Structure formats: C-alpha cells, structure tokens
Amino acid sequence: MLKLEDVSLSYRVGGEEPVVAVEGASTEIESGELVMVYGPSGSGKSTLLQLSAGLLAPDNGRVLVNGRDISGLSPREAARMRLHELGFLAAFTSVLPAPAIENAALKLIGRRVSWKQAEDQVRPLLERLGMGEKLDRDGRHLSMGERQRVMIARALSGKPKLLLADEPTSNLDSRRSKEVLGVIRDLCHETGLAALLVTHDPQAAVIADRVHVLRDGQLTDCEPHELTVALEG
Ligand SMILES: Nc1ncnc2c1ncn2[C@@H]1O[C@H](COP(=O)(O)OP(=O)(O)O)[C@@H](O)[C@H]1O
Ligand SMILES: [Mg+2]
C-alpha cells in the first residue's frame, strides 16, 4: 500500500548548511498492517510522514502509494489523493468551533457527501474512539485528547486504504492511548487498512505489527530489546 524506496530529503534554509532530515529510508507497508516508526524528537518522523503523504517531494528516491509514484503529482493532484485515498493526521490539529461530530465529518463534506450521510458514517467511529458522549460538544470545549480523537475519526472517515498519523496519541494518557491504538490496529486487521504511525512514545510502539526506529533521518528495523530498553529508560 505504501512503499518508500531509498527516500531522502534535506531542508535548505537561506544560505545555511542543508539539514538532512531523512536519509535513504526504505520500507513497505502492506494492506492490513500497522507499522510504527519510533524516534526521538528531531529524528525526521514528521518529514517522513509528509513525504509519504505527498506534502513534501523527496530529493532522491521514490514514494509509491498503491503502486503509484506520487512524487510526480502536482500539488492539486496530491491534495486530491489525500482527500480520496488517505487518512492523514498532522501533528498539530486545530478543531473548528462546531460540534465534535461536524468536525469529524469535514473530510467527507470535502468529498461532497451530505452532512447527514457524513455524520452517520463518523458517529460509529467516534463512539469506538470513546467520544460517543461528546458528539455534540463544541470543538472549543473539548480537551486536547478529545480533539485528537475527533481528528483521528476524521482521518479514518471514508475508509481510507492508508492511514498516516503523526504522534496520534501525544495528548492521551497511557490508558486512552492504548485504547485508541487498539481501535486503529483492529481496523487494520478487520478492514485491510494499512497504517503508518510515527511516535516518540515507546509505549505506543508496543502495539504495532512491526516497528522501525528512526535516528538522525535513518530508518532501521527495531530489535525488540531496543524497545524494552526505551521502555525502562
Ligand atoms: N521546515 C523545515 N525547515 C528546516 N528544517 C526543518 C524543517 N522541518 C524540520 N526540520 C529539521 O529537520 C529535522 C527533522 O525534523 P522532523 O521531521 O520535524 O523530526 P521529528 O518529527 O522526528 O521531530 C530536524 O533537524 C528539524 O529541525
Ligand atoms: Mg514531528
């Protein structure tokens, strides 16, 4: 579903030395798989995710979504792909001053689904994510963790084939975090959703089918003992 082939990206700011954010990253995520990329702050996680979503174009290498190389897409085509094929959850999300369910429905509204149908589709997702009691609560009056779950429901709406999520549980306590990740993992196993989640939380990485580590832009397979060490430390 998602294939990264030797992908690199450096940021160039003014006349300064380029910052290598991702260097020669390769991986493949199949349908039905939940893959986590675990790495400290500044290791290139958000860059890797934006490359996977076509929000950034690699300097080298290829990004294939569902077999198609997305680096050649125009910004408009990439935006279309994100709307119709992906669930994308950015690290910083802002909710609108509207009921939680309307916030969650927005992606489907962008696809020209009616409000009624959109709300009918996102309601079960919100309920599964533990937001069933707060469907009508204004986004401004939700906690950060509740907002995060609304945005996860939005990303998952419309049955995307691929979910890309940047620190999806950063505002959740560990119990809630486990629940939400469990819902995502179950959706992968039930519906064939492929998910790539990036996180600096080793606790979150435990639930994945496969874990990569990102260090200074370099992606490697994670040995189980590395996570154990991180969890203890
Ligand atoms: N827009 C940008 N311009 C210049 N440098 C950036 C930009 N975004 C990120 N970087 C740098 O690239 C590296 C990787 O950043 P990022 O992908 O955000 O890592 P993470 O998400 O793991 O914290 C860091 O050194 C960061 O400072
Ligand atoms: Mg980040």
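Refer to the preceding data block for the structure.
Caption draft 1: Structural detail: the overall build of the protein. When its secondary structure is counted, the protein shows 8 helices and 10 strands. C-alpha extents for the protein along the principal axes are approximately 50 × 45 × 35 Å. Within the protein, buried positions represent 42% of all 233 residues. Contacts spanning at least 24 positions in sequence make up 68% of the contacts within the protein whose residues lie at least 6 apart.

Caption draft 2: Just the site of ligand 1, in detail. The environment of ligand 1 is made up of Tyr 11, Val 13, Val 19, Ala 21, Gly 39, Ser 41, Gly 42, Ser 43, Gly 44, Lys 45, Ser 46 and Thr 47. Listing elements by their share of the shell around ligand 1, those giving two or more residues are β2 (19–29) and α1 (45–52). A per-element tally of the shell around ligand 1 places α1 first, with 3 residues. A class-by-class count of the residues in the shell around ligand 1 yields 4 nonpolar, 7 polar and 1 charged.

Caption draft 3: Representation of the sheet that holds strand β5 (residues 68–69) within the structure. The 4 strands lie next to each other as β2-β1-β4-β5, forming an open sheet whose pairing is antiparallel. Looking at which strands have only one partner, the edges of the open sheet turn out to be β2 and β5. As judged from the 7 bridges shared by strand β1 (residues 2–11) and β2, these two strands associate in the antiparallel manner. For Val 7, the partnering residue across the bridge sits in β2 and is Ala 25.

Caption draft 4: Representation of the pairing of strand β8 (residues 194–199). The buried fraction of β8 amounts to 6 of the 6 residues, a majority that puts the element mostly inside the structure. Judged by which residues are buried, β8 turns out to be covered on both faces: Ala 194, Leu 196 and Val 198 on one side and Ala 195, Leu 197 and Thr 199 on the other are all buried. Judged from the 5 bridges that link them, strand β3 (residues 34–38) and β8 form a sheet pairing that is parallel. Within β8, the residue paired with Leu 34 across the bridge is Ala 195. As defined by bridge partners, strand β7 (residues 162–166) adjoins β8 across 5 bridges and the pair is classed as parallel.

Caption draft 5: Structural context of the nonpolar core. Formed by 68 residues in total, the largest nonpolar core has its most connected members in Met 36, Leu 126, Ala 153, Leu 163, Leu 164 and Ala 195. Here this core gets 6 residues from one element, more than from any other, and that element is helix α5 (residues 144–156).

Caption draft 6: Main features of the environment of Gly 192. With respect to the helices, strands and loops of the structure, Gly 192 is situated in the loop between α6 (174–191) and β8. Sequence separation between Gly 192 and Ala 78 is 114 residues, and the spatial gap between their C-alpha atoms is 23 Å. Leave out the neighbours within four places in its chain, and Gly 192 touches Ser 31 and Gly 32.

Caption draft 7: Expanded view of the sheet that holds strand β9 (residues 210–215). What the 6 strands build is an open sheet, ordered β6-β7-β8-β3-β9-β10; its pairing is mixed. Each of the sheet's edge strands pairs with one partner strand only, and the pair in question is β6 (86–89) and β10 (218–221). When strand polarity is set aside, the average angle formed by the axes of neighbouring strands in this sheet is 20°. Across the face of the sheet, α5 comes into contact with β6 and β7 while running at roughly 160° to β6.

Caption draft 8: Looking closely at helix α3 (residues 100–110). Most of α3 is tucked away, with 8 of its 11 residues classed as buried. For α3, the set of buried residues is Ala 100, Ile 101, Glu 102, Asn 103, Ala 104, Ala 105, Lys 107 and Leu 108. In this structure, the buried side of α3 is in contact with α2 (75–85), α4 (115–128) and α5.

Caption draft 9: A look at the packing of α3 against α4. Remark: α3 packs on α4, axes separated minimally by 8 Å, with the N-to-C direction vectors making an angle of 115°. Taken as a pair, α3 and α4 cross one another with a handedness that is right-handed. Every residue of α4 that contacts α3 at Ala 100, Ile 101, Ala 104, Ala 105, Leu 108 and Ile 109 is listed here: Trp 115, Ala 118, Glu 119, Gln 121, Val 122, Arg 123 and Leu 126. A class-by-class count of the residues in the contact of α3 with α4 yields 10 nonpolar, 1 polar and 2 charged.

Caption draft 10: Local environment of the environment of Val 63. Mapping Val 63 onto the fold places it in strand β4 (residues 60–65). Each C-alpha atom of the pair Val 63 and Leu 2 lies 7.4 Å from the other, and the pair is 61 residues apart in sequence. Not counting residues within four places of it along the chain, the set of residues in contact with Val 63 comprises Leu 4, Val 7, Leu 51, Ser 52, Pro 58, Ile 70 and Ser 71.

Cut-offs and rules
Residues numbered from 1 in each chain as written. Chains lettered and ligands numbered in written order. Predicted model: local features only at pLDDT ≥ 70, side-chain atom pairs only at ≥ 80, totals over all residues. Helix = DSSP H or I, 4+ residues; strand = E, 2+ residues; numbered from the N terminus. Buried ≥ 20, exposed ≤ 12 C-beta atoms within 10 Å, placed from the backbone. Contact = placed C-beta atoms within 7 Å. Near = placed C-beta within 6 Å. Nonpolar A, V, L, I, M, F, W, Y, C, P; charged D, E, K, R; others polar. Pairing = 2+ DSSP bridges. Core = buried A, V, L, I, M, F, W, Y, C linked by C-beta atoms within 7 Å. Axes fitted to C-alpha atoms, helices over the stretch in contact; angles between N-to-C directions. Left-handed = near helix turned anticlockwise from the far one by under 90°.

Read these as layout, nothing more, since geometry by itself doesn't imply function.
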